[in-house]
Amino acid sequence: MNIGICGTGTIASWTSDIMNQLDDPSIVLYACATAPGFDCTEFAAKYGWKKVCASYEELMSDPAVDLVYIAVPNTFHYDLCKQALNAGKAVLVEKPFAINDTQAAELIALAEEKGLFLCEALWPSFLPVRKAIDEEITALSREFFHGGHHRQTDGRRYRHAGQCAVPGSGQEPGAGRRQSAGRRALHVGLHDRPLWGGGGVRLR
Ligand SMILES: NC(=O)c1ccc[n+]([C@@H]2O[C@H](COP(=O)([O-])OP(=O)(O)OC[C@H]3O[C@@H](n4cnc5c(N)ncnc54)[C@H](O)[C@@H]3O)[C@@H](O)[C@H]2O)c1
């Protein structure tokens, strides 16, 4: 798979480094491009990207590029995703996927229409620990909703349940505590650095 990378900053450097460490011949660091008016020759040489493109447009119009990895500031994700999908490329885009749900829905619809892969680069989703977290959350939800602790038909309670309640913690839903199951899960998903590189799992 020939990868084209848009952006040559921090995350682009990390990802290039990691792809090189994978040493997988099916992953080819093929083309790179950076912000208008800047040159990425040095970046290409450092990480072994084969081709330096003068613009994102040039990169996306190269028929040899299979997947475009978008690693630029958030405000440009939507436009570049759209350009890449319209150029017929699979897309991996850095988080956040887009800046609102309208943009996200439009991109997903475009990818579906074209039958193209489109994915947000939220790496924890692809770690084995994700499965364990899903199972734990499912078990907790089952206990919470069906275990008799907080069985109510009040929709408001159920909404609070997702945010604030941890069964068995003595913590009532809606009690004002925001260090919640939902929020903790988000932290695990987005920010728990020890997950990176398999350095152990820490559920704070
Ligand atoms: N998944 C993660 O763990 C993770 C970590 C850090 C950053 N990110 C995301 O990656 C993206 C890039 O973050 P970063 O820290 O690498 O930023 P950065 O500023 O280090 O690099 C951004 C790169 O985008 C390009 N760029 C800059 N200005 C541009 C412009 N005006 N038009 C087009 N391209 C431009 C340049 O190549 C620049 O090097 C952000 O969306 C950020 O949220 C994700």
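About the cut-offs
Residues numbered from 1 in each chain as written. Predicted model: local features only at pLDDT ≥ 70, side-chain atom pairs only at ≥ 80, totals over all residues. Helix = DSSP H or I, 4+ residues; strand = E, 2+ residues; numbered from the N terminus. Contact = placed C-beta atoms within 7 Å. Buried ≥ 20, exposed ≤ 12 C-beta atoms within 10 Å, placed from the backbone. Pairing = 2+ DSSP bridges. Right-handed = clockwise from strand over helix to strand, strands pointing away. Axes fitted to C-alpha atoms, helices over the stretch in contact; angles between N-to-C directions.

1. Structural notes on the environment of Ala87
Tracing the backbone shows Ala87 in the loop between α4 (77-86) and β5 (90-93). In this structure, the C-alpha to C-alpha distance between Ala87 and Met60, residues 27 residues apart in sequence, is 6.3 Å. Filtering out sequence-adjacent residues up to four positions away, Ala87 remains in contact with Met60 and Ser61.

2. Things to note about the pairing of strand β1 (residues 2-6)
When you tally the buried positions in β1, you get 4 out of 5 residues, the bulk of the element. Inspection of the sheet shows β1 paired to strand β2 (residues 28-33) by 5 bridges, in the parallel sense. The residue of β2 that forms the bridge with Ile5 is Cys32. In the classification by handedness, the crossover that spans β1, the intervening helix α1 (residues 10-22) and the parallel β2 is right-handed. Alignment of β1 against strand β4 (residues 67-70), held across 4 bridges, turns out to be parallel. Across the sheet, residue Cys6 finds its bridge partner in β4, namely Ile70.

3. Focus on the sheet that holds β5
With parallel pairing, the 6 strands of this open sheet are ordered in space as β3-β2-β1-β4-β5-β6. Either end of the sheet is taken by a strand with one partner, and the two such strands are β3 (51-52) and β6 (118-120). Those strands touched by α4 are β1, β4, β5 and β6, and its axis lies near 165 degrees from that of β5.

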